[in-house]
Amino acid sequence: IRESATLTRDVLEQHFNDLKGTLKKLLDERLMSLLQEVDAIEQESIKPLDECQKLIEHGVSTADDLLQEGQLAFYGDMEQQNEKLCSFTKKALHIQLDSLPEVPSLVDVPCLSAQLDDCLLTILKNQIFRHGTVASRPPVQLEEFVEKPGGILVRWCKVDDDFIPQDYRLQYRKSTASHFEDVYVGSETEFIVLHIDPNVDYQFRVCARGDGRQEWSPWSVPQIGRTTLVPHEWTTGLEGYSLSSRRNIALRNDSQSCGVLYSKAPTYFCGQTLTFRQVLSGIETVGQPDRRDSLGVCVEQQNGYDSLQRDKAVCISTNGAVFVNGKEMTNQLPAVTSGSTVTFDMEVVQLGPSSNEGGNFKLRVTISSNNREVVFDWVLDQCCVSLYFGCSFSYPGWKVLVF
């Protein structure tokens, strides 16, 4: 409680300090804009009046000079007086002392003033007093962490019955990192976070956005999740396939070489879910299908085959056919296309007291694809709880992610 209260105080103080800074900046910008508007009106309105004043002052100055010249014409002898009076008369005839520039009436002269609506303070006050809330419990909380090879399945749930979620937002970080990062935004209530290092603590948190709302809810209580399972990896070095940097994605390349690409080690254990996901490989369609194509699991690596449709293996072909120990089943699943997800689930069913000593050993297998599934028993002649996985494609363009 103390930790979340301290964090909430810090968030509130930072938010309102940012608001104050932003509000001051906006008010300063508005003040500057209004002052510039006053300057522009003043300059535009005063210019013709200044010109009119200059004309009047010039006329008054000219009349004053002519008056002084007329007064001086009376001094001196008669001949000088006549000459000065003649010059005075000529100037007086050319000066229009009775004309003035047009002066605008007083009602046409701008008179600046500022109109400030005091209701802005009331509006701001009401908005500020309603801004922000403090929630004692977030509407969603993390519910479960399920270990996956190189990943964690994170589940969350709604804990506020009155809250109607539209989207969820999941974030995570390594315990040694300082910042959370988004890993999922959507309407589902679970997500598999991949690229997780084994035996390393990760911190998760989730929030939600209400129906028709833009803002996100408070974050859930952060929780620690980890996986002890090493990530699934394809084996390197097979000529017909190119691998991603983490070796969990295999792309069938243009090489003419063909064969089965196996996992690096038997990392699939009974009781887990093995998932193959067909992803785009930079082109809009997947590769051309072939009846020998296969995705599945096997007891051991066997080189020299171009398909998993063989003994000690179960698989599904890209046309949806299911093979058990090389024999095709009558049940068939939908064809594998771009974006398809195929999952394998297995559980051990032992037959007889000698099953662990070399007798019959049975695995109950469930293969799911595109919301359909087949369930069957796979009988082996040896105890086997960890298996290899593999794939084979005859034509380039297929790209499969395993997790």
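As annotated in an unreviewed UniProt entry, the protein is Cytokine receptor-like factor 3 from Podilymbus podiceps. We quote the UniProt Subcellular location (unreviewed entry) comment for the protein here in full: "Cytoplasm". For the protein, the Function (unreviewed entry) comment in UniProt is given as "May play a role in the negative regulation of cell cycle progression."

Trainee: An account of the confidence of the model for the protein is requested, with residue identities and associated values reported.
Mentor: With 94% of its residues at a pLDDT of at least 70, the protein reaches an overall mean of 86. Taken as a whole, residues 354–358 scores under 50 in pLDDT and shows 9 contacts with residues more than four places along the chain or in a different chain.

Trainee: Go over the UniProt feature "coiled-coil region" (unreviewed entry) in the protein, please, and point to the residues and values.
Mentor: UniProt's entry tags residues 9–44 with the feature "coiled-coil region" (unreviewed entry), counted in the numbering of this structure. As annotated, residues 9–44 has a helix share of 100% and a strand share of 0%, and its two end C-alpha atoms lie 52 Å apart.

Trainee: How would you summarise the sheet that holds strand β2 (residues 151–158) if you had to cite specific residues and measurements?
Mentor: The 3 strands lie next to each other as β1-β2-β5, forming an open sheet whose pairing is antiparallel. Taken across any chain shown, the strands that pair with only one partner, and hence form the sheet edges, are β1 (140–148) and β5 (190–194). Sheet twist, expressed as the mean angle between neighbouring strand axes with direction ignored, is 25°. Note that β1 and β2 share 8 bridges and pair antiparallel. Its bridge partner lying in β2, E147 is registered against I152.

Trainee: Requested: an account of a nonpolar patch on the surface, with residues and values cited.
Mentor: Together, L12, F16, L19 and V134 give the surface a local cluster of nonpolar side chains, amounting to about 330 Å² of exposed area. The residue L12 is located in helix α1 (residues 2–72) in this model.

Trainee: I'd like a description of the sheet that holds strand β3 (residues 165–174), backed by residues and values.
Mentor: The strands making up a sheet are joined through hydrogen bonds of the backbone, oriented either antiparallel or parallel. Here we have 4 strands laid out as an open sheet, ordered β4-β3-β6-β7, and antiparallel in their pairing. A strand with exactly one partner marks an edge of an open sheet, and here the two such strands are β4 (181–186) and β7 (223–225). Across the sheet, the axes of successive neighbouring strands diverge by a mean angle of 30°, strand direction being ignored. Looking at chain direction, strand β6 (residues 202–210) and β7 are connected through 3 bridges and run antiparallel. If you follow Y202 over to β7, its bridge partner there is G225.

Trainee: Which residues make up the packing of α1 against helix α2 (residues 78–94), and what values do they have?
Mentor: When two helices pack together, you describe them by how their axes are tilted relative to each other and by the distance separating the axes. Relative to each other, α1 and α2 sit at 160°, their axes nearing to 9 Å. The angle between the axes of α1 and α2 places the two elements in the roughly antiparallel class. The interaxial crossing formed by α1 with α2 has left-handed handedness. Packed against α1, whose contacting residues are L66, E69, G70 and L72, the element α2 presents K84, S87, F88, K91 and A92 at the interface.

Trainee: Can you tell me about the pairing of β6, naming the residues and giving the values?
Mentor: Side chains on a regular strand alternate between the two faces of the sheet. Counting buried residues in β6 gives 9 out of 9 residues, a clear majority hidden from the surface. Residues Y202, F204, V206, A208 and G210 line one face of β6 and the alternating positions Q203, R205, C207 and R209 line the opposite face, and both faces are buried. In this structure, β3 lies alongside β6, joined through 9 bridges in antiparallel fashion. Its bridge partner being in β6, Q171 is matched across the sheet by R205.

Trainee: Report on the environment of L261, specifying residues and quantitative values.
Mentor: Structurally, L261 is set in strand β10 (residues 261–262). Along the primary structure L261 and S392 are separated by 131 residues, whereas in three dimensions their C-alpha atoms are 6.2 Å apart. Residues contacting L261, with those up to four places away along its chain left out, are W234, T235, L238, Y241, L243, A250, F389, G390 and C391.

Trainee: Give me unusual backbone geometry: which residues, what numbers.
Mentor: One can expect most non-glycine residues to show negative phi and most peptide bonds to be in trans. In this structure, H195 takes a positive phi of about 60° despite not being glycine. Within the fold, H195 resides in the loop between β5 and β6.

Trainee: Before we move on, can you summarise the side chain of D167 with the specific residues and values?
Mentor: Along the chain, D167 turns up in strand β3. Residue classification places D167 among the buried residues on the basis of a relative accessible area of 17%. A polar contact is formed between the side chain of D167 and the side chain of Q166, at a distance of 3.4 Å. Not counting chain neighbours up to four residues away, the residues in contact with D167 comprise G186, S187, C207, A208, R209 and W216.

Trainee: Just give me the short version of the packing of aromatic side chains, but keep the residues and values in it.
Mentor: For any two aromatic rings, the description comes down to two numbers: the centre-to-centre distance and the angle of the planes. Following the criterion strictly, the structure yields 11 aromatic pairs and no others. Considering the side-chain rings of F145 and F204, the 5.3 Å spacing of their centres and the 45° angle between planes classify their relative orientation as tilted. Of this pair, F145 sits in strand β1 while F204 sits in strand β6, and the two are 59 residues apart along the sequence. F204 sits in the buried class, given a relative accessible area of 0%. Taking the centre distance of 5.9 Å and the plane angle of 45° together, the rings of W156 and Y184 count as tilted. Pair noted here: W156 is in strand β2 and Y184 is in strand β4, with a separation of 28 residues, a long-range link. A residue is classified by how much of its surface remains accessible, and W156, at 2% relative accessible area, is buried. The class of Y184 is buried, set by a relative accessible area of 14%. Here the guanidinium or amino end of R310 rests over the ring plane of Y305, the centre of that ring lying 5.5 Å away.

Rules of the game
Numbering of residues starts from 1 in every chain and runs along the sequence as written. With the structure being a predicted model, the display of local features is reserved for residues of pLDDT at least 70 and the display and counting of side-chain atom pairs for 80 or more, all residues being used for whole-chain, interface and lining totals. Side-chain numbers come from the whole structure's heavy atoms, not from hydrogens or water. UniProt positions are given in the numbering used here, feature names are shortened, and annotations may be inferred rather than shown by experiment. Each residue gets a pLDDT score, which is the predictor's confidence in that residue and runs from 0 to 100. The contact definition used throughout considers only heavy atoms, calling two residues in contact when any of these lie within 4.5 Å. Helix and strand assignments come from DSSP, with helices taken as H or I runs of at least 4 residues and strands as E runs of at least 2, each series counted from the N terminus. Here, any two strands with at least 2 DSSP bridges between them count as paired. Note on method: axes are straight lines fitted to C-alpha atoms, helices fitted across the in-contact stretch only, with angles between N-to-C directions ranging 0 to 180 degrees. Only residues whose relative accessible area exceeds 30% and that take part in no salt bridge are eligible for patches, with like-charged residues grouped when within 9 Å of each other and nonpolar side chains (Val, Leu, Ile, Met, Phe, Trp, Tyr) grouped when within 5 Å. In these tables, accessible area is a Shrake-Rupley quantity obtained with a 1.4 Å probe, and a residue counts as shielded only by the protein chains included in the view. Between Lys or Arg on one side and Asp or Glu on the other, a salt bridge is scored when a side-chain nitrogen of the former is within 4 Å of a carboxyl oxygen of the latter. The labels follow the angle: roughly parallel below 35 degrees, roughly antiparallel above 145, roughly perpendicular from 65 to 115, and oblique for the rest. Note on convention: the crossing is left-handed when the near helix lies turned anticlockwise from the far helix by less than a right angle, right-handed when the turn is clockwise. Buried, partly exposed and exposed residues are distinguished by accessible area as a fraction of the type maximum, computed with a 1.4 Å probe on protein chains only: under 20%, between the cut-offs, and over 50%, respectively. Pairing of N or O atoms within 3.5 Å defines a polar contact, subject to two protein rules: one partner must be a possible hydrogen donor and the other a possible acceptor, and residues neighboring in sequence count only if both atoms are side-chain atoms. Each pair of aromatic rings taken from Phe, Tyr and Trp, with Trp reduced to its six-membered ring, is defined by centres within 6.5 Å and is described as stacked if the planes are under 30 degrees apart, edge-to-face if over 60, and tilted in the remaining cases. Any Lys NZ or Arg CZ that is within 6 Å of a ring centre and within 35 degrees of that ring's normal is treated as a charge sitting over the ring.

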